[in-house]
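Coordinate inspection notes
Here is what each chain is made of, one letter per residue.
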Amino acid sequence: MAHFAKINDDNIVVAVHVVHNNELLVDGTESEQQGINFLNATYRVDNVNWKQTSYNTRRGIHELGGTPLRKNYAGLGYTYDSDRDAFIPPQRYASWILNESTCIWDPPSAKPDDGKKYVWSEDDTDWILDPTFQ
C-alpha cells in the first residue's frame, strides 16, 4: 500500500490516505503523480497538495532497507518542508533543535543512559528524573 499526505496551504499535513499500489502503476512502474491523479479523481478535487509518504521511513532511514522517502512518515500536524523535501514532526519543546539530517527535533542535551527514568523539563532545559518513578 502507498500512503499520501494531504497538505494544506500552510504546509501542514491534515490527512493521510492509503492507495493500493496498483493505482500507482504506469506501464508497470509506480508513479507518485499517478497516485495523485487517482486521489484527485476519487475525491473529485483539484489543486490539492498531495505528497507520497513512506510508512517505513523514519529519521531518513527506510526500516525495511528500501529507499527512504521524505525523511519521515507524514503524520497529522507534521509540516512538509519543500526545500528539504521532508516531513517534519511538530516541535515538542521550544528548546529542541531540528536535526538537519533526520528532520527530527532533538533535545539540546542527550538523555542520560543510567537505567533511570527521565523526562524533559523545558523549565530546566534538561532531563530530570521522572517524578512518577521516584
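Definitions and cut-offs
Residues numbered from 1 in each chain as written. Predicted model: local features only at pLDDT ≥ 70, side-chain atom pairs only at ≥ 80, totals over all residues. Heavy atoms only, no water. Helix = DSSP H or I, 4+ residues; strand = E, 2+ residues; numbered from the N terminus. Buried < 20%, exposed > 50% of the residue type's maximum accessible area, 1.4 Å probe, protein only. Phe/Tyr/Trp six-rings, centres within 6.5 Å; stacked < 30°, edge-to-face > 60°. Lys NZ or Arg CZ within 6 Å of the ring centre and 35° of its normal. Pairing = 2+ DSSP bridges. Axes fitted to C-alpha atoms, helices over the stretch in contact; angles between N-to-C directions. Contact = heavy atoms within 4.5 Å. Salt bridge = Lys/Arg side-chain N within 4 Å of Asp/Glu carboxyl O.

Bringing unusual backbone geometry into the picture now. The backbone of Asp27 sits at a positive phi, close to 50°, despite the residue not being glycine. Secondary-structure assignment places Asp27 in the loop between β3 (25-26) and β4 (29-30). For Asp27, a relative accessible area of 81% translates into the label exposed. With a phi close to 55°, Cys103 is a non-glycine residue in the positive phi region. By the secondary structure assignment, Cys103 is in the loop between β10 (97-99) and β11 (104-106). We classify Cys103 as buried; its relative accessible area is 0%.

Attention now moves to the packing of aromatic side chains. Applying the stated criterion to the full structure yields eight aromatic pairs. Residues Tyr93 and Trp120 carry aromatic rings whose centres are separated by 6.3 Å and whose planes lie at 50° to one another, so their mutual orientation is tilted. Of the two residues, Tyr93 sits in the loop between β9 (86-88) and β10 while Trp120 sits in strand β12 (residues 118-121), which places them 27 residues apart along the sequence. Ring plane angle 80° and centroid distance 5.1 Å describe the contact between Trp120 and Trp127, whose orientation is recorded as edge-to-face. Here Trp120 falls in the buried class, since its relative accessible area comes to 8%. In this structure an aromatic cluster arises from ring pairing among Tyr93, Trp96, Trp120 and Trp127. It is Arg58 that lies over the ring of Tyr55; its NZ or CZ is 5.6 Å from the centre.

Before going further, it helps to examine the sheet that holds strand β1 (residues 2-7). As summarised here, the arrangement of the three strands in space is β2-β1-β5, forming an open sheet in which the pairing is antiparallel. In this open sheet, the two strands that pair with only one neighbour each are β2 (13-19) and β5 (49-53). Averaged over all adjacent pairs, the angle separating strand axes in this sheet is 30°, with direction ignored. Here β1 runs beside β2; their pairing, made up of six bridges, is antiparallel. When the bridges of β2 are listed, Phe4 appears paired with His17. Helix-sheet contacts for helix α1 (residues 32-43) involve β1, β2 and β5, and the interaxial angle to β5 is about 130°.

Once that is clear, we can look at the pattern of salt bridges. Inspection of the entire model under this criterion finds five salt bridges. The residue Arg70 makes a salt bridge to Asp85 at a minimum N-O spacing of 2.7 Å. Remark: Asp85 occurs in the loop between β8 (79-81) and β9 and Arg70 occurs in the loop between β7 (61-62) and β8; sequence separation between them is 15 residues. Accessibility expressed as a relative area gives 10% for Arg70, which makes it buried. Judged by its relative accessible area of 33%, Asp85 is partly exposed. Taken together, the shared-partner salt bridges in this structure form one network comprising Glu32, Arg70 and Asp85.

Keep in mind that these numbers describe shape and distance, not what the molecule does.
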